[in-house]
Amino acid sequence: MDEREVCKRELGAAAVCYQAPVESWMRMENQAKRMGSKTVAHAAIETTAGSGGGLANLAIGPVVQCMEAGTLGMPFEVWKTRMGRYRSEGTFQSFANVYRNGGGLKAFWKGTGAKMVESASKGGILMYSKENINAALLASGVSPTMAGLSAGAGGGVCQVLVMGPCTYLVTGAVTGDQSVSTMQRINQTYARAGIKGFYPGGTAIAFRQATNWASRQGFTEAVRERFKILFHGNKDAKLTKWQEVAAGTVGGTLACWNHPFEVARIEMQARGDQGQKSINMLEVFREISKEHGVGGLFKGLVPRVCLGIWQTLFMVTGAKLVKDQLQEAGLL
């Protein structure tokens, strides 16, 4: 059987190698020989396994994502969500209103139950899909930056299925009737619109998640590559833990360019929770721009930057450090 057919059969959609040009294919053949594999497909599979793919990522992802959300992730999420909906409020005014209207500090963890379900599921989905796509692309000769961008985008899109209902419930808890419990909100939504009622803003979530993790993973990898040259003079050098943290911080900050998708998501979900007429993402962009100018599409950017850094440190930098430690201990 032709090598390309073997690759396609064994790796399925992730096997971008069968579409590679001849030059890339030759690089992959050499990689397979160095790894002692019979086929290029086997090389990609072995690389995935060696990078801690599969069950390891399914275990690491939920734990790391829940730790991120349960600490500062949730307060930044609540603050950002309020600003995205109440766009006339300033950054610190919105923060104060969350505290004042929600009954103190506990208001910043409003909707934590739904967020934990989301984090436990989307963390595993992200890590499993992102790391396996990344490993397959690296085995095919793709550069670390481009592999990171593609893997992040693929992993982000895979998260939408579980994120739609969970982010909808969190948005409702922050911007809707404060006296309604999560279970009451679930029952009301299902009675009103069925399963589809939990997915307003699904398009915005898909765009946000794809660009989120493509940017976070891609920018972080690009910064890591430059840090290796800057601090160690060697593109194959190993960064220190603090250099990894710094790379994640820069990557998380740069990844916030896509904030208009987040504002659209919040507006669409808030409308759905309150039973208002649904409008598509482009209509949301036009309406917000008309009412608040282009700046309205970036409301909540400050807490979003903080959240982006926090999530990147956990899900990109933190996950890598955990896997490195496990590999050093011989557990992966």
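Everything here concerns the structure above.
Residues numbered from 1 in each chain as written. Predicted model: local features only at pLDDT ≥ 70, side-chain atom pairs only at ≥ 80, totals over all residues. Heavy atoms only, no water.

Peer 1: Where do I start with the side chain of Arg304 in this structure?
Peer 2: Relative to the helices and strands, Arg304 resides in helix α14 (residues 301-328). No salt bridge is formed by the buried Arg304. Its closest oppositely charged neighbour is Glu262, at 5.4 Å. Contact partners of Arg304, with chain neighbours within four places excluded, come to Lys80, Arg208, Asn212, Arg216, Ala255, Cys256, Asn258, His259 and Glu262. (Helix = DSSP H or I, 4+ residues; strand = E, 2+ residues; numbered from the N terminus. Buried < 20%, exposed > 50% of the residue type's maximum accessible area, 1.4 Å probe, protein only. Lys, Arg positive; Asp, Glu negative; His and termini not counted. Salt bridge = Lys/Arg side-chain N within 4 Å of Asp/Glu carboxyl O. Contact = heavy atoms within 4.5 Å.)

Peer 1: I tried to follow the pattern of salt bridges on my own but got confused; where do I start?
Peer 2: Opposite charge on two side chains permits pairing when their charged atoms draw close. Under the criterion given, the structure shown has 18 salt bridges. Linking Arg82 and Glu89 is a salt bridge whose minimum nitrogen-to-oxygen distance equals 2.8 Å. The pair formed by Arg82 and Glu89 is uniform in burial state, with each residue classed as buried. For Arg185, the salt bridge identified is with Asp273, shortest N-O distance 2.7 Å. On the criterion of sequence distance, the pair formed by Arg185 in helix α9 (residues 182-193) and Asp273 in helix α12 (residues 259-273) is long-range, its members being 88 residues apart. Via salt bridges that share partners, Glu77, Lys80, Lys115, Glu118, Arg208, Glu262 and Arg265 belong to a single interconnected network.

Peer 1: Honestly, the packing of α12 against helix α13 (residues 281-292) in this entry has me stumped. Any pointers?
Peer 2: Each packed pair of helices is defined by two parameters, the angle between the axes and the distance between the axes. Packing of α12 against α13 leaves a shortest axis separation of 10 Å and a crossing angle of 100°. Considered as vectors, α12 and α13 are oriented roughly perpendicular to each other. Residues Pro260, Phe261, Val263, Ala264, Glu267, Met268 and Arg271 of α12 form the contact with α13, whose participating residues are Met281, Val284, Phe285, Glu287 and Ile288. A per-class count over the contact of α12 with α13 returns nine nonpolar, no polar and three charged. (Axes fitted to C-alpha atoms, helices over the stretch in contact; angles between N-to-C directions. Parallel < 35°, antiparallel > 145°, perpendicular 65-115°, else oblique. Nonpolar A, V, L, I, M, F, W, Y, C, P; charged D, E, K, R; others polar.)

Peer 1: Help me understand a nonpolar patch on the surface, please; the structure alone is not making it clear to me.
Peer 2: Where nonpolar side chains cluster on the molecular surface, the patch consists of Leu161, Tyr190, Ile195 and Tyr199 and spans about 440 Å² of accessible area. Residue Ile195 is classed as exposed on the basis of its relative accessible area of 55%. (Patch = residues over 30% accessible without salt bridge, like charges linked within 9 Å, V, L, I, M, F, W, Y side chains within 5 Å. Areas by Shrake-Rupley, 256 points an atom, 1.4 Å probe, with all protein chains shown as cover.)

Peer 1: Looking at this structure, how should I read the environment of Ala114?
Peer 2: Along the polypeptide, Ala114 turns up in helix α6 (residues 112-139). A sequence separation of 53 residues divides Ala114 from Thr167, and the C-alpha atoms of the two residues are 7.7 Å apart. Discounting chain neighbours no more than four positions away, the residues touching Ala114 are Cys166, Leu169 and Val170.

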